[in-house]
Amino acid sequence: MSEKKIFYAQGDDPILVAAYEKAQDTFKYFWREVAWEYRRIIPGLSTACVKVAFTEEVPGSDDVLVEHMWIGNIDFDGSVIYGELLNEPIDIKSIKVGDEVGVTIEQISDWMIVSDDKTYGGFTIQAMRSVMSDEERQEHDAAWGLDFGSYDEVLVVRDQIEHPEYLIEHPMSVNMKDSLIEFLDQNPDEVKVTDEAGITFLHREVIAGNLTSTEVLLEKGADKLAKTKDGKTALDFARELNWSHIIPVLS
């Protein structure tokens, strides 16, 4: 695996700043869905990627190149988003397709999930579609082979219109409660296991915004005061990601 590199994104186009901010504000829903996707036996997503504005200084001048590119195979530790570059850069030379990179939420410019050819997120794409004619939008969508829906109503979770409560709790968190209880009864030490970064089972569920799973873990003895190697508790992550429905059970 190539060495991780950290890149810093800058809002280089004022017209898209609002789209960048919406993508950053809702990234937690992207990660929640992707975190559950990694547990599914049968995949439910055909695409899950994040757009980053990579920058590079131009030698001998004050100019800075900015190139927005997508990364895939996403992982998130609550602070840093990791992924592999999916695009071949046109201008930037310090990175190539397949390189693993790390960025913070504040450095992303978009995210997109595709399930059953329907898209979620894609804030910058919808911003561009908003200035197209109906014919241009049809041609644009046909070229992608995707259903981008209405440009003025960007969905962030599946079944959002029929089930607005999914913005609070992912249905799999609720539906998997009994399975999680059974798993922890059979493997009680799992509540104490940490990875190399000091992240526990509880940390991961809180980062993904799973209230039901969080409550089960606490009932099974998970230490809500446990800290990662960066000194963060589960409550720290809940506050940083603004999972307001989880904060009370950890306070």
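Above this text sits the structure in question.
Residues numbered from 1 in each chain as written. Predicted model: local features only at pLDDT ≥ 70, side-chain atom pairs only at ≥ 80, totals over all residues. Heavy atoms only, no water.

Let's talk about the overall build of the chain
Thought 1: Tallying secondary structure elements over the chain gives 9 helices and 7 strands in all.
Thought 2: Against the globule reference of 18 Å for 251 residues, the chain gives a C-alpha radius of gyration of 19 Å, in line with a compact fold.
Thought 3: Out of the 251 residues belonging to the chain, those deemed buried represent 47%.
Thought 4: Here the chain displays about 13300 Å² of accessible surface, and carbon together with sulfur accounts for 50% of that area. (Helix = DSSP H or I, 4+ residues; strand = E, 2+ residues; numbered from the N terminus. Rg over C-alpha atoms; globule rule 2.2 N^0.38 Å. Buried < 20%, exposed > 50% of the residue type's maximum accessible area, 1.4 Å probe, protein only. Areas by Shrake-Rupley, 256 points an atom, 1.4 Å probe, with all protein chains shown as cover.)

Quick notes on the packing of aromatic side chains
Thought 1: Inspection of the entire model under this criterion finds 8 aromatic pairs.
Thought 2: Here the aromatic rings of Y29 and W243 are separated by 5.6 Å at their centres, their planes lie at 90°, and the arrangement is edge-to-face. Highlighted residues: Y29 in helix α1 (residues 17-37) and W243 in the loop between α8 (234-240) and α9 (247-250), separated in sequence by 214 residues.
Thought 3: Joined through ring pairs, the aromatic side chains of F27, F30, W31, Y38, F76, W111 and F123 make up one cluster.
Thought 4: The aromatic ring of W243 is capped on one face by K28, whose charged end is 4.6 Å from the ring centroid.
Thought 5: Here the guanidinium or amino end of R39 rests over the ring plane of W36, the centre of that ring lying 4.1 Å away. (Phe/Tyr/Trp six-rings, centres within 6.5 Å; stacked < 30°, edge-to-face > 60°. Lys NZ or Arg CZ within 6 Å of the ring centre and 35° of its normal.)

Considerations on the packing of helix α5 (residues 177-186) against helix α7 (residues 211-219)
Thought 1: Their axes nearest at 10 Å, the elements α5 and α7 cross at an angle of 25°. The pairing of α5 with α7 is recorded here as roughly parallel in orientation. With respect to the hand of their crossing, α5 and α7 are arranged in right-handed fashion. On α7, the residues that touch K177, L180, I181 and L184 of α5 are T212, S213, V216 and L217.
Thought 2: The residue inventory of the contact of α5 with α7, partitioned by class, reads 5 nonpolar, 2 polar and 1 charged. (Axes fitted to C-alpha atoms, helices over the stretch in contact; angles between N-to-C directions. Parallel < 35°, antiparallel > 145°, perpendicular 65-115°, else oblique. Left-handed = near helix turned anticlockwise from the far one by under 90°. Contact = heavy atoms within 4.5 Å. Nonpolar A, V, L, I, M, F, W, Y, C, P; charged D, E, K, R; others polar.)

Examining the pattern of salt bridges
Thought 1: According to the stated counting rule, one finds 9 salt bridges in the structure shown.
Thought 2: Here E37 and R40 are joined by a salt bridge, their closest N and O atoms 2.6 Å apart. In this structure, E37 and R40 share a single accessibility class: buried.
Thought 3: Where K220 meets D185, a salt bridge forms, and the shortest distance between an N and an O atom there is 2.7 Å. In this pair, K220 is assigned in the loop between α7 and α8 and D185 in helix α5, connecting sequence segments 35 residues apart. (Salt bridge = Lys/Arg side-chain N within 4 Å of Asp/Glu carboxyl O.)

Topic: helix α3 (residues 134-144)
Since one α-helical turn is 3.6 residues long, residues separated by three or four positions face the same way.
Thought 1: Those residues of α3 that sit buried are R137, H140 and D141. Across the axial projection of α3, the buried residues extend over an arc of 95°, all falling on one side. Seen from the open side of α3, the exposed residues pointing more than 90 degrees away from its buried face are E135, Q138, A142 and A143.
Thought 2: Those residues of α3 that are buried lie in contact with α2 (123-129).
Thought 3: At the exit of α3 stands G145, carrying a positive phi of roughly 70°. (Arc of directions from axis to C-beta.)

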